Amino acid sequence: MVRSLLIIGVWTLEINHLRYTVEVKKTPAINCQRLSKRYGQTPRYALKDLDLQVHNGEVYGFLGPNGAGKSTAIRTLLNFLQPSSGSATILGLDSVRQSVEIKRSVGYLAGEIALYPRMTGSQFLNYMQALQPLQHPDYAAQLIKQFNADLNKPIETLSKGNRQKLGIIQAFMHEPTVLILDEPTSGLDPLMQAAFYQLVEAAKRRGAAVFLSSHDLAEVRKMCDRIGFIRDGELIAEQTIADLQQSAAHRFDITFQGPAPLAVLKLLPGSEVISLNSRTVSVRIQGNLSPLFGILSKTPITALEQHEINLEEEFLHYYRDKTEAPV
Amino acid sequence: MRPVIRWGLWERRWSSLFWTLGISVYIAINTLVYSSLKGQAKTLNHVLQKLSPTTRSLFSDTSDLLSPVGYLASKLYYLILPLLFTMLAVNLVNNLFAREEQNGTLELLLARPLSRNRLLLAKLMTSLLVLSGIGALVMLVTIVTTAHAGFGIPVIHIMAATLVMLLLALLFSSIAWLLVGFGRFGRHASTGITVLVALASYLFTSLEGTAHWLRGPAKLLPYHYYRPSDILRGNYHWSYFIGLCVATFVLLGLAFAGFRRRDLGR
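Residues numbered from 1 in each chain as written. Chains lettered and ligands numbered in written order. Predicted model: local features only at pLDDT ≥ 70, side-chain atom pairs only at ≥ 80, totals over all residues. Heavy atoms only, no water.

J.: Explain the overall build of chain B to me, using residue names and the numbers behind them.
T.: When you go through chain B residue by residue, the secondary structure sums to 14 helices and zero strands. Reading the secondary structure of chain B in the N-to-C direction produces α-α-α-α-α-α-α-α-α-α-α-α-α-α. Rg of the C-alpha trace for chain B: 20 Å, near the compact-globule value of 18 Å for 266 residues, within the 12% margin. Seen through its principal axes, chain B has C-alpha atoms that stretch 65 × 40 × 30 Å. Considering chain B as a whole, with its 266 residues, one finds that 52% of them fall into the buried category. Nonlocal contacts in chain B, meaning residues at least 24 apart in sequence, comprise 74% of its contacts between residues at least 6 apart. Summing over all exposed atoms, chain B offers an accessible surface of approximately 11800 Å²; the carbon and sulfur share of this is 70%. Here chain B contributes 24 positive and 9 negative side-chain charges, whose respective centroids are spaced 3 Å apart. (Helix = DSSP H or I, 4+ residues; strand = E, 2+ residues; numbered from the N terminus. Rg over C-alpha atoms; globule rule 2.2 N^0.38 Å. Buried < 20%, exposed > 50% of the residue type's maximum accessible area, 1.4 Å probe, protein only. Contact = heavy atoms within 4.5 Å. Areas by Shrake-Rupley, 256 points an atom, 1.4 Å probe, with all protein chains shown as cover. Lys, Arg positive; Asp, Glu negative; His and termini not counted. Charge placed at Lys NZ, Arg CZ, Asp CG, Glu CD.)

Structure representation (structure tokens):
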């Protein structure tokens, strides 16, 4: 009888533990519910009704032009700013009331990072380490090596890129479960940007949730699983990178050897063709590019130029198509 | 908390050294020349008595400016030392806290598992350690030089005067802590307001003897309860000290409350 009761007791405990584990895994790492921020008594919201979830093992890109509200959202999440209304949780903990517990599991990189100018890189990292001990000290050493960080010079003598490296190392070195990064690649050279992408990928593989802000779509495409676009403090669009890739339009300026085959190009599905002169056209095409290159392979061209995609235009274009209403 | 205090102390090591040296030299010069003035104290006192009471009240809280106690109070404890230590304390609030907030490094610290209360406490502790360290050395210099110059004032009275003077500086700096805690003013404005309150407090208290209408407002200001001559003579009402302590704690408590739930600025 006692033995049976014990077995039932142990089973109940195990089931509860399992339930708890499933619940924790289901809870988004970052969860904002109608999170809003207004400075003082101004009527304008710097952040309005932000609803957003980022899950473990996901890289979320938060995109928008300068002054759109990206940094406000990040600083509110980290309790540097008090929300005017709404709430946010990180790892299920309230961002205001349980801010200190949250920070045990968060790595943060500020936009335009401020460091201590008189400290050397090594003093700075030791200081950060003293405030938040590392799980694996070797990992910090590995990051320093990976980013080739200069630790012996005073920070005030370092270039912006080298200061940014220190910022990245301090954000990642304690192997946080949630990473909140504001314009993380700002000032990094292409080689270091590639190292940073690898670092984000590694964090994602170990199950960390990464929330990063940027205004560079190309960069976000390389790193993120999902992106949200913010404008005037409001999240106006959210989609997966896979959807974006499918819907994204490309724009090419093509110069032909002879007259441009306008009539044929206009027949391409999902294309808009603008004639710049008799031999040069600008083609904006959505989706499959093969038919365009099929035409180009048969018609001699002298120049082909691909244009950078305008992020906001791309998003608005996508959303106009989806909702058939102006955003 | 400890790393924040350690770094704060390390960062302020040179400025603390120069503050200590500067104040010590000032004290040494003023106390050591007293032995040469002592012989002529009677004559000089007679000359000083011809000054208007208003002018005399600006130098000291005693009319006897050339007795050992009167001299030490007028030259050091009544105006100069409280002024210097208030400047030092307000400067510490600025450098340890307000400047960090302005530069954005405060966010870097608060991105670590460190509560706002503990961060503010760490900064306050650093400021207290610097103030009390410099205060202790300055007190030592005063004790040694006054003994050498033959002031004949008991060491315990000099220690008490230094302690109350430090408390007064801390009380004034707690106004600066309050202002930066609430974050309503920039760091320069906080300094300005604090210095203004300190100066108003000094002037009201000094002039209350000659302008009677100042007596009421002066009683609301901390300087009124700072009586260096009484302390040096051993006649101080220690209830005043307790009052100054309470006022300091209240202001600091309000600073903590203000900082707990406000937006950080950059």
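J.: Tell me about the environment of Gly86 of chain A, and name the residues and values.
T.: All names here are of chain A. With respect to the helices and strands, the residue Gly86 is situated in strand E4 (residues 85-90). A relative accessible area of 44% places Gly86 in the partly exposed class. For the pair Gly86 and Val210, spaced 124 residues apart in sequence, the C-alpha to C-alpha distance is 22 Å. Sequence-distant contacts of Gly86, defined by excluding residues within four places in its chain, comprise Gln33, Arg34 and Leu35.

J.: A description of the interface of chain B and chain A should follow, citing residues and the corresponding values.
T.: The interface is formed by 25 residues belonging to chain B together with 32 residues belonging to chain A. Between chain B and chain A, the buried area comes to about 2500 Å², and carbon and sulfur atoms account for 57% of it. One salt bridge in this structure joins Glu107 of chain B and Arg75 of chain A, with 2.4 Å as the shortest N-O distance. For the side of chain B that touches chain A, the secondary-structure elements that each account for two or more residues are helix H1 (2-11), helix H7 (80-103) and helix H8 (105-110) of chain B. Of the residues in the side of chain B that touches chain A, the class split is 11 nonpolar, four polar and 10 charged. (Buried area = accessible area lost by both parts, 1.4 Å probe. Salt bridge = Lys/Arg side-chain N within 4 Å of Asp/Glu carboxyl O. Nonpolar A, V, L, I, M, F, W, Y, C, P; charged D, E, K, R; others polar.)

J.: Residues and numbers for a nonpolar patch on the surface, please.
T.: All names here are of chain B. On the surface, a cluster of nonpolar side chains totalling about 440 Å² of accessible area is made up of Phe182, Ile242, Val246, Val250 and Leu254. Looking at the nonpolar patch element by element, the count peaks at four residues for helix H14 (residues 238-260). Structurally, the position occupied by Phe182 is in helix H10 (residues 155-182). Assessed through its relative accessible area of 37%, Phe182 is described here as partly exposed. (Patch = residues over 30% accessible without salt bridge, like charges linked within 9 Å, V, L, I, M, F, W, Y side chains within 5 Å.)

J.: For the layout of surface pockets, give the residues involved together with the corresponding values.
T.: Residues and elements named next belong to chain A. Empty space within the largest pocket amounts to approximately 450 Å³. Contributing to the lining of the largest pocket are 20 residues, with Gly67, Ser71, Thr72, Glu112 and Asp182 lying nearest its centre. For the lining of the largest pocket, the element with the highest residue contribution is helix H2 (residues 70-77), accounting for four residues. Of the residues in the lining of the largest pocket, the class split is six nonpolar, seven polar and seven charged. (1 Å grid on protein atoms, 1.4 Å probe; cavity = no way out; pocket = protein on both sides within 12 Å on 5 of 7 lines; lining within 4 Å. Points joined across faces, edges and corners; volume = space filled by probe spheres on them.)

J.: Please set out the environment of Gln306 of chain A residue by residue, giving values where relevant.
T.: All names here are of chain A. Tracing the chain through its elements places Gln306 in strand E14 (residues 301-307). Sequence spacing of Gln306 and Val283 is 23 residues, and the spatial spacing of their C-alpha atoms is 9.7 Å. Beyond its immediate sequence surroundings of up to four residues, Gln306 is in contact with His250, Arg251 and Phe252.

J.: Summarise unusual backbone geometry; cite the residues concerned and give the values.
T.: Residues and elements named next belong to chain A. Of note in this structure, Asp49 is not a glycine but carries a positive phi near 50 degrees. Note that Asp49 resides in strand E2 (residues 47-54). Even without glycine at this site, Asn148 takes up a positive phi of about 50 degrees. Among the structural elements, Asn148 can be located in the loop between helix H5 (137-146) and helix H6 (160-172).

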